[in-house]
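Structural overview for review
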Amino acid sequence: MTRRGPKGSEPLLRVEGLSKAFGGLQAVSDLSFHVREGEILGLIGPNGAGKTTAFHLITGMHKPDRGRIVFRGREITGWPPYRVVQAGIARTFQIPRPFPHKTIAQNVEIALLPNALFTLRGRRRDRWARVAACCTRAGLCQTVGHPPAAHTPNGRCECWHTYPGALPQAGLRKLEIAKALANDPHLLLLDEPFAGLTHREVEELSELVRELRAEGRTVVIVDHNMRGLMKLVERVVVIHFGHKLAEGTPEEVAENPAVQEAYLAGTLDRSSSSSSSSSTLKEGPSR
Amino acid sequence: MRVRRLSLRPRLGSALLLLFFALLAAMPYLLPRLFPEMETNPLLLRRWLDILVMANLLAVLAMSWDLLGGYTGQISFGHSFFFGLGAFTAAILSLTVDWSPWTVIGVGALAAAVGGVLIAAPALRLHGPYLSLMTLVAALAFDRFIRWLKPADRFDLGIPGAEGAILCSLKCFLTFDAVAKYYYALALLVGSFLVLWAIARSRIGLALEAIRDDEEAAQAAGINTAKFKTLAFSVSGFFAGLSGAFYVYHIGSASPSYVLNLERSVEAIATAVLGGMGTIVGPIFGAYFFKLFEELFRPLEALRYGVLFALALAVLLLVQGGLLSRALQRLRGRDLVAVPPSAPPPSPPPSEGLPQGTETQTGTEAVRR
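Rules used throughout
- Residues numbered from 1 in each chain as written.
- Chains lettered and ligands numbered in written order.
- Predicted model: local features only at pLDDT ≥ 70, side-chain atom pairs only at ≥ 80, totals over all residues.
- Heavy atoms only, no water.
- Helix = DSSP H or I, 4+ residues; strand = E, 2+ residues; numbered from the N terminus.
- Buried < 20%, exposed > 50% of the residue type's maximum accessible area, 1.4 Å probe, protein only.
- Contact = heavy atoms within 4.5 Å.
- Areas by Shrake-Rupley, 256 points an atom, 1.4 Å probe, with all protein chains shown as cover.
- Pairing = 2+ DSSP bridges.
- Core = buried A, V, L, I, M, F, W, Y, C linked by side-chain atoms within 4.5 Å.
- Buried area = accessible area lost by both parts, 1.4 Å probe.
- Salt bridge = Lys/Arg side-chain N within 4 Å of Asp/Glu carboxyl O.
- Nonpolar A, V, L, I, M, F, W, Y, C, P; charged D, E, K, R; others polar.
- Polar contact = N/O pair within 3.5 Å; in protein donor to acceptor, adjacent residues only side chain to side chain.
- Disulfide = S-S within 2.5 Å.

**With respect to the overall build of chain B**
When you go through chain B residue by residue, the secondary structure sums to 17 helices and 3 strands. Taking all 369 residues of chain B together, the buried fraction comes to 49%. For chain B, long-range pairs separated by at least 24 residues make up 76% of all intrachain contacts whose partners lie at least 6 apart in sequence. Of the roughly 17,800 Å² of accessible surface on chain B, 68% is carried by carbon and sulfur atoms.

Laid out in structure tokens, this is it:
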């Protein structure tokens, strides 16, 4: 299932002059960047640079003060979140936000619910089949201790009986991705998916992201630490104090003096083998 | 094996509920058998059946509150607004138009549903305590408005009562037969329960619960939260209004001091809390408990409300989710909820923890000085 864009030059997502202030704080100012169809883009910047706010603006959780957001040739600026999701943009949260009183399968089902009050589409049986597919796709069935080959005939795994509270951190991240996948997005926005994960878990999740890209989805990953992203992303946009500081391949950006300045120099040293996010230099001064 | 257990236990619960409804249906025959004095004194039987009617009405009101408060997380402190709106619409219509009682009660409920949409419009912009305060003030404002309007005096409707009450007892009555009225009220309870239960158990209920648990995450999951919240307000308003309209046809009047009293809101909340919020079925048992307690401990006078509300407070503190749902949780087997492996958080290295501790200590000492 490939979904390479029909429009040659038009990027999948175009953000133009986006600005948003909270009280006196200019969280995002005159931010412009674009996302190409089928790429994995890294959106990086120090903590508080406005990366998550940019996600909130794109997904309609906040209304921008100024600027335009164009997705697949349609302006979606100021759309309510559910319409942005319907248009084909799904996101995950920096801190996983499962619905704690619902099973993992129900968590995914919530993302599949139709908004129409009366509809013949979206029958429960079909929904559950999609839920099973999404849970399997995101690797949740294995996480909850279900061998991949041992699905019941109706395709259900332990996700139907397990609550999110039983999931480890990496499992919660997968659940976030499964919820996002349920909406069958063209564009997947991942907010710090690797934070707090072990090296092995980062590798596993990176592999999942690559697979999703191979399916024809476009992925934008926010992280404050570029090291873990270097091998995964093809292009990087660096945000600092709410506007774009640099753009290019990971190598180009890492060499950029302005970027090194912003990161207090050396953070982007990718020759270091450890990819644990706890060793970024932004924590350096506090030690 | 687990799957079978999952599907069997709710069936046990429904069987118990069915038994309860059957017991209620048998009440007019059971009561005189159980209490022989009722056989000789039909007024006593009538009185007790009226009490059960009131329990059913409270149950419908509390269930309607539960859909909005327990399921959608929109805590309303002003459900008397919907109850009163349904009641006054029914009272006025019964005096002005020549419709059947059921049509009038239905229109009263519809008016309250429209009231729900009106409340939802500002409610969509408010959250938590602000939303609750808004519903409280709306109910209070409507109460004062009716007291000022005195619709009975101003528009020559029925017999004017104190503080803007409308007495319509000649026009708004269902039947003289207490047993028949009891069955009407029971039908109202069962019908309302089935509709609310079906909504709560459907995909709509799942969307409402998602909104309650995390509204932003629900939005990110593609749910049109504004639409579902408005729906919850109007459906909740409808059933609260239905209860209020039926009340008018039960009592024969609509008086702000009862139908618009904030106590109705508090009763609805306490009932839902006692029975278990977010269960729909809980408020039914909560309402019967509330009304029977109220009646059986009549010698305690006003103190019995103190006891009831203190009980509700204790339930809130100790068994959040209500007594019934805790019992059901036990029955359905908590083993289905996998417990995460307990991993104690790694203790911070002493070299870091110690200076921090001394720092805060000196900090507090400085504050003390």
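**Notes on the sheet that holds strand β1 (residues 159-160) of chain B**
Residues and elements named next belong to chain B. With antiparallel pairing, 3 strands are arranged side by side in an open sheet as β1-β2-β3. The sheet terminates laterally at β1 and β3 (253-254), the two strands that pair on one side only. Note that strand β2 (residues 166-167) and β3 share 2 bridges and pair antiparallel. Counterpart to I166 in the pairing with β3 is A254.

**Notes on the nonpolar core**
Core analysis: the largest hydrophobic core is formed by 164 residues, its most contacted members being I221 of chain A together with L24, L189 and I223 of chain B. Here this core takes 18 residues from helix α3 (residues 42-71) of chain B, the largest share from any one element. Not counting chain neighbours up to four residues away, the residues in contact with I221 of chain A comprise I40, L41, G42, L43, L190, P193, F194, V209, L229 and L232 of chain A. Of all hydrophobic cores here, the second largest spans 28 residues; its members include L43, V84, V237 and I239 of chain A.

**Examining the interface of chain A and chain B**
Contacts between chain A and chain B engage 33 residues on the former and 32 residues on the latter. Interface area for chain A against chain B, summed over the two sides, is near 2,800 Å², with a carbon-plus-sulfur share of 60%. Counting every contact that joins chain A to chain B gives 3 salt bridges. A salt bridge links K102 of chain A to E209 of chain B; its shortest N-O distance comes to 2.8 Å. Mapped by element, the contributors of at least two residues to the side of chain A that touches chain B are α2 (81-87), α3 (104-112) and α4 (124-137) of chain A. Tallied by class, the residues present in the side of chain A that touches chain B amount to 16 nonpolar, 9 polar and 8 charged.

**Notes on the environment of T40 of chain B**
All names here are of chain B. Looking at the element boundaries, T40 is found in helix α2 (residues 36-40). The exposure class assigned to T40 is exposed, which follows from its relative accessible area of 67%. A distance of 2.9 Å separates a polar side-chain atom of T40 from the backbone oxygen of E37.

**Remarks on the pattern of salt bridges**
All names here are of chain A. On inspection of all chains with the given rule, the structure shows 34 salt bridges over all chains. Ionic pairing is found between R217 and D184, a salt bridge with its closest N-O pair at 2.9 Å. Residue R217 is located in the loop between α7 (199-214) and β8 (218-223), and its partner D184 is located in the loop between α6 (169-182) and β7 (187-191); the two are separated by 33 residues in the primary sequence.

**Quick notes on the state of the cysteines**
Considering all chains together, one arrives at 2 disulfides over all chains under this definition. Each sulfur of the disulfide joining C168 of chain B and C172 of chain B lies 2.1 Å from the other. Taking the torsion about the S-S bond as the criterion, the C168 of chain B to C172 of chain B disulfide, at about 85°, is right-handed. Of the two residues examined, C168 of chain B and C172 of chain B, each falls in the buried class. C135 of chain A supplies the cysteine sulfur nearest to C134 of chain A, a cysteine that is in no disulfide, at a spacing of 7.1 Å. Left without a disulfide partner, C159 of chain A is nearest to the cysteine sulfur of C157 of chain A, which lies 3.4 Å away.

**Focus: the pairing of β7 of chain A**
Residues and elements named next belong to chain A. With 5 of its 5 residues buried, β7 lies for the most part within the structure. On β7, burial covers both faces: L187, L189 and D191 on one face and L188 and L190 on the other are all buried. Strand direction decides the pairing type here: strand β6 (residues 89-91) and β7, joined by 3 bridges, are parallel. Its bridge partner being in β7, A90 is matched across the sheet by L188. As defined by bridge partners, β7 adjoins β8 across 5 bridges and the pair is classed as parallel.

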